[in-house]
Amino acid sequence: MQTIDYKDFDKIELRVGTIMKVERFEKARKPAYKIWIDLGKEFGLKKSSAQVTFYYKPEELIGRQVVCVCNFAPRQIADFMSEILVTGFSDEEGNIILASVERKVPNGARLH
């Protein structure tokens with residue numbers, strides 16, 4: 001594993017946001033959702049495509065706080081522009097479990 005210093009880590013904008021809206025992403029190659037996340041006043045509402053359909057139903061995601069990478073370049077996925085990356089961990093079969101916070105924090109709060 002390559003080591004980095006704090007300046008490298010500090011370049012990554014890892015922020016928390018609340019999932020506000022979820023739709024099935026029918027045009028995605030792999031099962032996915034279109035997700036709209038409120039990242040607070042500074043960042044606003046951002047969109048992401050996330051392959052989290054194995055463990056989560058759309059209605060279960062609403063109101064959940066998740067950790068996002070906010071400073072990747074936007075990425076076109078089919079007919080949808082993904083603006084942020086929702087983070088998670090793979091289980092033994094490669095299904096994603098979302099990274100979230102233990103307690104509610106303000107939307108847009110930065111991971112330290």
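Anyway, here's the lowdown on the structure attached to this text. What you are looking at is a predicted structure, and each value in this text was computed from that prediction instead of being measured.

**Section: the side chain of Glu13**
Mapped onto the secondary structure, Glu13 falls in the loop between α1 (6–10) and β1 (14–24). Not counting chain neighbours up to four residues away, the residues in contact with Glu13 comprise Phe43, Cys68, Val69, Cys70, Asn71 and Arg110.

**A word on the sheet that holds β1**
Spatial ordering of the open sheet is given by β3-β2-β1-β4-β7, a layout of five strands whose pairing is antiparallel. The two strands at the open ends of the sheet, each matched to only one other strand, are β3 (45–50) and β7 (85–86). Of the pairings in the sheet, the one linking β1 to strand β2 (residues 33–38) comprises six bridges and is antiparallel in character. For Lys21, the partnering residue across the bridge sits in β2 and is Trp36.

**Quick notes on the packing of aromatic side chains**
The tally for this structure, following the rule as stated, stands at four aromatic pairs. An angle of 85 degrees between the planes, with centres 4.9 Å apart, marks the rings of Phe54 and Tyr55 as edge-to-face. An aromatic cluster of three or more residues is present, and its members are Phe25, Trp36 and Phe80. The ring of Trp36 has Lys21 lying over it, and the distance from NZ or CZ to the ring centre is 4.4 Å.

**What to know about the environment of Thr87**
Position of Thr87 relative to the elements: it lies in the loop between β7 and β8 (88–90). Sequence separation of Thr87 and Phe54 is 33 residues, and the distance between their C-alpha atoms is 15 Å. Setting aside chain neighbours within four positions, we find Thr87 in contact with Leu14, Val67, Val69, Leu98 and Ala99. Of note is the side chain of Thr87, whose polar atom sits 2.7 Å from the backbone oxygen of Val67.

**Quick notes on the pattern of salt bridges**
Evaluated as defined, the whole model comprises seven salt bridges. For Asp8, the salt bridge identified is with Lys11, shortest N-O distance 3.8 Å. What makes Asp8 partly exposed here is its relative accessible area of 30%. Where Glu23 meets Lys21, a salt bridge forms, and the shortest distance between an N and an O atom there is 3.4 Å. Judged by relative accessible area, which is 31%, Glu23 ranks as partly exposed.

Rules behind the numbers
- Residues numbered from 1 in each chain as written.
- Predicted model: local features only at pLDDT ≥ 70, side-chain atom pairs only at ≥ 80, totals over all residues.
- Heavy atoms only, no water.
- Helix = DSSP H or I, 4+ residues; strand = E, 2+ residues; numbered from the N terminus.
- Contact = heavy atoms within 4.5 Å.
- Pairing = 2+ DSSP bridges.
- Phe/Tyr/Trp six-rings, centres within 6.5 Å; stacked < 30°, edge-to-face > 60°.
- Lys NZ or Arg CZ within 6 Å of the ring centre and 35° of its normal.
- Polar contact = N/O pair within 3.5 Å; in protein donor to acceptor, adjacent residues only side chain to side chain.
- Salt bridge = Lys/Arg side-chain N within 4 Å of Asp/Glu carboxyl O.
- Buried < 20%, exposed > 50% of the residue type's maximum accessible area, 1.4 Å probe, protein only.

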